[in-house]
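# Overview (structure and organization)
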Amino acid sequence: MDDGITLEELQLAARNHGLPLESVREAITPVGLHYLLIHFDIPVVDAGSWRLQVGGLVDRPLELTLDDLRARPARTLPVTLECAGNGRVLMPPRALSQPWLTEAVGTAEWTGTPLAPILEEAGLGDDALEVVFTGIDRGIQGGVEHDYERSLTLDDALRDEVLLAYAMNGEPLPVQHGFPLRVIVPGWYGMTHVKWLRAITVVSEPFTGWQQAEAYRLHRSEDDPGEPVTRMLPRSLFAPPGLPDFFDRSRSLAAGRCLLEGRAWSGFGPIVRVEVSADGGATWADAELADEQPEFAWRGWTFTWDATPGEHELQCRATDAAGNGQPETAEWNTGGYCNNAPQRARIVVS
Ligand SMILES: Nc1nc2c(c(=O)[nH]1)N[C@H]1C(S)=C(S)[C@@H](COP(=O)(O)O)O[C@H]1N2
Ligand SMILES: [Mo]
């Protein structure tokens with residue numbers, strides 16, 4: 001960390017919490033432990049009068065109630081969501097925003113109805129290029145007042161796994177996670193999964209709203225246009241072993257065999273390898289991967305560590321089937337996005 005956290009960052013951190021790292025032990029994150037990121041205010045929505053508008057370049061605009069959506073074919077998928085700003089504080093000089101360390105992640109079972117058949121029913125116009133998702137929430141960021149809105153290309157929006165989700169872990173969406181409806185775009189960083197959805201609009205030009213064109217791009221300097229942030233890079237986390245210190249979260253552990261438990265994910269395909277280092281990244285050894293990995297959720301792994309007396313820095317790193325790994329240092333960018341450098345934990349063994 002380069003310098004002290006500001007009051008503004010603390011204010012954001014007190015609203016938006018991460019996954020307690022010990023919860024990495026659970027394949028499905030309990031609702032209250034899933035990370036949260038809310039740019040503006042949580043809107044209060046009356047489900048009875050709420051409607052989803054499907055419009056823009058379509059032949060037949062639709063207006064759907066929550067009951068209409070629930071009556072359509074349903075699909076439940078475990079999906080790992082991670083904020084694109086995860087790791088931001090560990091990428092100096094840090095961008096002033098939500099000051100995440102490594103825990104802006106969670107995996108829930110999202111239930112909803114596939115988006116593609118709804119777009120087909122509405123009938124896509126010939127000039128259709130992108131689909132814009134608009135949330136009810138509105139605020140100011142970068143000096144610009146706007147609704148929270150993001151777009152996907154038609155190809156991405158029409159993928160089978162893209163859902164309009166009304167339930168999380170078998171319960172109606174909690175208000176903080178987007179009640180009554182949100183988009184789930186498996187494999188993509190969190191900003192894509194628009195909460196409190198009110199409109200889906202088909203457009204013929206690339207969408208240039210603030211959250212699309214200004215935020216979530218990898219600018220290497222202020223005037224670098226940069227590439228858009230899209231799918232999640234590989235990352236892995238472990239539940240820090242031993243006893244935690246309340247104040248600095250360091251760990252004390254008795255010498256001997258210690259079972260490390262973790263999970264790893266990537267938006268570019270299954271995880272094929274996880275490695276652990278107990279000497280600050282000097283040497284690495286392979287962890288054992290769980291037999292199965294859901295297509296869009298993290299993969300469990302374990303590692304038996306022979307903990308010897310002394311002070312150790314534990315790290316883990318994952319590789320996906322596309323060959324992407326976790327770099328020792330991720331490439332800096334002005335927003336502090338996509339920092340998938342390995343998690344580190346200080347352990348004192350005695
Ligand atoms: N409408 C709306 N959708 C939103 C956001 C928001 O502020 N407003 N935050 C986005 C970001 S940046 C992330 S990381 C995820 C967080 O989802 P969660 O709070 O359910 O974990 O929601 C995304 N969808
Ligand atoms: Mo995010």
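Residues numbered from 1 in each chain as written. Chains lettered and ligands numbered in written order. Predicted model: local features only at pLDDT ≥ 70, side-chain atom pairs only at ≥ 80, totals over all residues. Heavy atoms only, no water.

### Focus: the overall build of the chain
Scanning the chain from terminus to terminus reveals five helices and 22 strands. Counting contacts in the chain only where the partners sit at least 6 residues apart, residues at least 24 apart contribute 72% of the total. Accessible area of the chain: about 15,600 Å², with a carbon and sulfur share of 51%. Of note, the chain has its 28 positive side-chain charges centred 3 Å away from the centre of its 51 negative side-chain charges. (Helix = DSSP H or I, 4+ residues; strand = E, 2+ residues; numbered from the N terminus. Contact = heavy atoms within 4.5 Å. Areas by Shrake-Rupley, 256 points an atom, 1.4 Å probe, with all protein chains shown as cover. Lys, Arg positive; Asp, Glu negative; His and termini not counted. Charge placed at Lys NZ, Arg CZ, Asp CG, Glu CD.)

### Quick look at the sheet that holds strand E17 (residues 271–277)
Adjacent strands of a sheet form backbone hydrogen bonds with each other and so pair up, either parallel or antiparallel. Strand order in this open sheet of six strands is E14-E15-E22-E21-E17-E18, and the pairing throughout is mixed. Two strands lie at the open edges of the sheet, namely strand E14 (243–244) and strand E18 (285–286), each paired on one side alone. Relative to strand E15 (residues 251–253), E14 runs antiparallel, the two sharing two bridges. Directly across from Leu-243, in E15, lies its bridge partner Ser-252. (Pairing = 2+ DSSP bridges.)

### Here's the deal with the nonpolar core
Counting residues in hydrophobic clusters, the biggest one holds 51 residues, and the most contacted among them are Leu-52, Phe-133, Leu-164, Leu-197, Ile-200 and Val-229. Two domains each put at least three residues into this core: domain 1 (7–215) and domain 2 (235–349). Leu-52 has contacts with Leu-62, Glu-63, Leu-64, Leu-69, Leu-164, Leu-181, Leu-197, Arg-198, Ala-199 and Ile-200, leaving out every residue within four places of it along the chain. Residues Leu-253, Ala-264, Val-274 and Trp-305 belong to the second largest nonpolar core, which totals 19 residues. (Core = buried A, V, L, I, M, F, W, Y, C linked by side-chain atoms within 4.5 Å. Buried < 20%, exposed > 50% of the residue type's maximum accessible area, 1.4 Å probe, protein only. Domains from an automatic or database assignment.)

### Examining the site of ligand 1
Near ligand 1 lie 18 residues; those nearest to it are Tyr-35, Asp-137, His-177, Arg-182 and Lys-195. Between ligand 1 and Leu-37 there is a distance of 3.0 Å, counted from an oxygen atom to a backbone nitrogen or oxygen. Here a nitrogen atom of ligand 1 sits 2.7 Å away from a polar atom, N or O, in the side chain of Asp-137. Its free accessible area being 530 Å², ligand 1 has 100% of it covered by the protein chains. With respect to the detected pockets, ligand 1 is housed in the largest cavity. (Near = heavy atom within 4 Å. Polar contact = N/O pair within 3.5 Å; in protein donor to acceptor, adjacent residues only side chain to side chain. 1 Å grid on protein atoms, 1.4 Å probe; cavity = no way out; pocket = protein on both sides within 12 Å on 5 of 7 lines; lining within 4 Å. Sits in = over half its atoms within 2 Å of the grid points.)

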